[in-house]
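Letter by letter, the chains look like this.
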Amino acid sequence: MSEQAPPGPVATTPEDKDGAKRTSFGPAIRDAILEGNSVTVTLLAIVTAIVIGGLLNAFTNTTVLSAWGNLFSDPGHAFASAWDTAIGAYVALFEGSVFNPHTVAELFQQASFSTAIHDGFLGAVFGPISETCVQATPLLLAGLAVALPYQAGMFNIGGQSQFIGGAIMAAWLGYAVNLPFFVHVVVCVIGGFVGGAALGWLAGEIKARTGAHEVIVTIMLNYVMQYFLAYLLSSPSLMQAPGGSSSITSAIASDAHLPLIAGTHLRINVGFLIALACAFGVWWLLNRTTTGFEIRSVGANAKASRVAGMNVERNWALVMAIGGGLAGLAASTVILGTDFTLNPQSYGTYGIDAITVALLGLGRPGGVVAAGLLFGALHAGSPGMQTATGTPVQIVQVIQALIVLFVAAPPLVRATFRLRAARARGVSTSMSKGWNA
């Protein structure tokens, strides 16, 4: 009876190894596409929202509806009209937010490069992307103001109050204080951060000392600051511009304006660089510091963090103060960079948009930057879209709402596109229990 050789390593040829690599690489790509992970869900949510927005735009257009009334007699015209309306709106949106090929053609028709700069043709080429950056700047900072506290398990919906606090400080320092050039704008920016941080710290400290939920506290602070601003702007002895009856402050001194970074033909200013620097700073804080580790640990499990010796209450107050400061910086970029006055409409909807941007960015600094630029492009391109095609600006708001709807409901996206549930990889973060769950 013959003995069998003990099992040993099987010899493989280079061809076998290459084949194994090929057979493993293909399924890896396929799984990455078919799995309903956060990146896949976000991209599909954006695409789905754009498609639905295009359909709504097409079939609320009177010309399209008239063409579809003759569908059976002239089906080609009906479909072409719907397609042209939907695509034309997005083309106009792109031209108003990224670049317009017609302005590029006009640039190359100029006699010289210096002539193109002097006559504003070069500015016209970069005008759309500049406007996108301008619109995205406060959205980036306000989105970070929501995303950072969430890493500690806190939901900061007080962006409006913190924005107003920063706006009051930046505006008052901008028109009421005389300082040398450069020093003035730096002081105003720091003042905006401090004004927002004070409101954020107050909400965090109340939670830390009393256990009051930050959602309730920040909602109430939103109303407090809204009416407080109205009060300040209603009296000439406070912040109302002297000699007038309108609820508006005096103009910000020119020394306090944020410097332009691409010439006088473009509105992009140093505020955009500040926003990018803050996004990098938040990433570095969360991923490269002991404080960031504590913040993420508190967000994952506050009780376990307390047992491990971490000061949970201190981290709550800290992240809310930093988040509020970021919202205050958002206000300073608006007051010192584009508006140059403060009025009851200055805070707009930045507090609500901040939640949307943070949601779409999955609470991560890089994602917040991408989401802020996307929403900035939508805001920058919507007026041109309305002018070129007659599309209501509200369609952009519909698209934003649809994006949030699909991103906030991953099971809906997975069911729509028949995606598998994403497999867990590595250590889950605090975001896994919240927005992208």
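Throughout this description, residue numbers start from 1 for each chain and increase along the sequence as written. Residues qualify for local features only when their pLDDT is at least 70, as the model is predicted, and side-chain atom pairs are given and counted only at 80 or more; totals for whole chains, interfaces and linings, by contrast, use all residues. To get the side-chain values, all heavy atoms of the structure are used, and hydrogens and water are removed first.

Participant: How would you summarise the overall build of the protein chain if you had to cite specific residues and measurements?
Facilitator: To qualify as a helix, a DSSP run of H or I must reach at least 4 residues; to qualify as a strand, a run of E must reach at least 2; elements of each kind are numbered from the N terminus. Along the protein chain, the regular secondary structure elements total 18 helices and two strands. Looking at the protein chain as a whole, 46% of its 437 residues are labelled buried. Working note: accessible area of the protein chain is about 21,900 Å², and carbon and sulfur atoms make up 67% of it. When a residue's accessible area, from a 1.4 Å probe over protein chains only, is under 20% of the maximum for its type it is buried; when over 50% it is exposed; and in between it is partly exposed. Each accessible area is a Shrake-Rupley result for a 1.4 Å probe, and residues are judged covered by the shown protein chains and nothing else.

Participant: Let's hear about the side chain of Gln160: which residues, and what values?
Facilitator: Residue position: Gln160 is located in helix H8 (residues 159-176). Since its relative accessible area comes to 18%, Gln160 is described here as buried. Between N or O atoms, a polar contact is any pair within 3.5 Å; within protein, one atom must be a potential hydrogen donor and the other a potential acceptor, and residues adjacent in sequence are included only when both atoms are from side chains. A polar side-chain atom of Gln160 sits 3.3 Å from a polar atom in the side chain of Gln226. Other than its neighbours up to four places away in sequence, Gln160 contacts Asn222, Gln226, Tyr347 and Gly351. Residue contacts follow a heavy-atom distance rule, with two residues in contact if any of their heavy atoms lie within 4.5 Å.

Participant: Pulling in residues and values, what's your account of the confidence of the model for the protein chain?
Facilitator: When pLDDT drops low, the exact placement of atoms in the prediction is not to be read closely. What pLDDT expresses is the predictor's confidence in each residue, scored from 0 to 100. Chain-level pLDDT for the protein chain is 83 on average; 83% of the residues reach the 70-or-more range. Within the model, pLDDT remains below 50 along residues 17-23, and this stretch shows one contact once partners closer than five positions in the same chain are excluded. Note on residues 424-437: pLDDT is under 50 here. Beyond four places in sequence and across chains, it has 29 contacts.

Participant: Run through a nonpolar patch on the surface, naming residues and quoting values.
Facilitator: Here a patch means residues that are over 30% exposed by relative accessible area and free of salt bridges, tied together within 9 Å if like-charged and within 5 Å if nonpolar (Val, Leu, Ile, Met, Phe, Trp, Tyr). Salt-bridge detection follows one rule: a side-chain nitrogen of Lys or Arg within 4 Å of a carboxyl oxygen of Asp or Glu. A contiguous nonpolar surface patch, about 710 Å² in accessible area, is contributed by Phe181, Phe182, Val183, Val186, Val187, Ile190, Phe193 and Val194. Within the secondary structure layout, Phe193 lies in helix H9 (residues 183-210).

Participant: Explain the environment of Gln386 to me, using residue names and the numbers behind them.
Facilitator: For Gln386, the position within the fold is in helix H16 (residues 365-389). Remark: the alpha-carbon pair of Gln386 and Ala89, spanning 297 residues in sequence, is separated by 7.9 Å. Setting aside chain neighbours within four positions, we find Gln386 in contact with Thr391, Pro392 and Val393.

Participant: Can you lay out the packing of aromatic side chains for me, pointing to particular residues and giving the numbers?
Facilitator: Under the pairing criterion, centres of Phe, Tyr and Trp rings, with the six-membered ring standing for Trp, must be within 6.5 Å; the plane angle then separates stacked pairs below 30 degrees from edge-to-face pairs above 60, leaving the rest tilted. This structure, assessed with the given rule, holds four aromatic pairs. Ring geometry for Phe163 against Tyr350: centres 5.0 Å apart, planes inclined by 15°, an arrangement best described as stacked. On the criterion of sequence distance, the pair formed by Phe163 in helix H8 and Tyr350 in helix H15 (residues 350-360) is long-range, its members being 187 residues apart. Tyr350 matches Phe163 in its accessibility class, with the two residues each being buried. A network of ring pairs unites the aromatic residues Phe59, Trp68 and Phe79 as a single cluster. Our definition puts a charge over a ring when NZ of Lys or CZ of Arg is within 6 Å of the ring centre and also within 35 degrees of the ring normal. Here the basic side chain of Lys207 rests over the ring of Trp316, its NZ or CZ set 4.6 Å away from the ring centre.

Participant: Explain the nonpolar core residue by residue, including any values.
Facilitator: Only buried Ala, Val, Leu, Ile, Met, Phe, Trp, Tyr and Cys residues count toward a nonpolar core, and they belong to the same one when joined by side-chain atoms within 4.5 Å. If you look at the biggest cluster of nonpolar residues, it comprises 92 residues, and the most contacted ones within it are Ile168, Leu326, Leu336, Leu342 and Ile403. In terms of residues, this core owes the most to one element, helix H14 (residues 312-339), which gives twelve residues. With sequence-adjacent residues up to four places away left out, Ile403 is seen in contact with Ala45, Ile46, Ala49, Leu360, Leu374 and Phe375.

Participant: Could you give me a rundown of the pattern of salt bridges, with the residues and numbers involved?
Facilitator: One side chain can pair with another of opposite charge once the charged atoms of both are near each other. A complete count under the given rule lists five salt bridges for this structure. The partner of Arg209 in a salt bridge is Glu205, with the nearest N and O atoms 2.5 Å apart. Remark: Glu205 and Arg209 occur in helix H9; sequence separation between them is four residues, near one turn of the helix. In this structure, the salt-bridge partner of Glu313 is Arg306, at a minimum N-O distance of 2.8 Å.

Participant: Residue-level account of the side chain of His184, with values.
Facilitator: Residue placement: His184 occurs in helix H9. Separated by 2.8 Å, the side chain of His184 and the backbone oxygen of Leu173 make a polar contact. Residue contacts for His184: discarding those within four places in its chain leaves Leu173, Gly174, Val177, Leu179, Ala253, Asp255 and Ala256.

Participant: Give a description of helix H10 (residues 214-232) that names residues and reports values.
Facilitator: Each residue after the first adds 1.5 Å to the expected span of a helix. Along its 19 residues, H10 runs 26 Å from first to last C-alpha, staying within 8% of the 27 Å computed at 1.5 Å per residue. Along H10, the residues that are buried comprise Glu214, Val215, Val217, Thr218, Leu221, Asn222, Met225, Leu229 and Leu232. For H10, the arc enclosing every buried residue in end-on projection is 145°, short of the 170-degree limit, so these residues lie on one face. Away from its buried face by more than 90 degrees, H10 exposes Ile216, Tyr227 and Tyr231. Looking at the buried side of H10, the elements it contacts are H8, H9 and H14. Here, the arc refers to the directions that run from the helix axis to the C-beta atoms.

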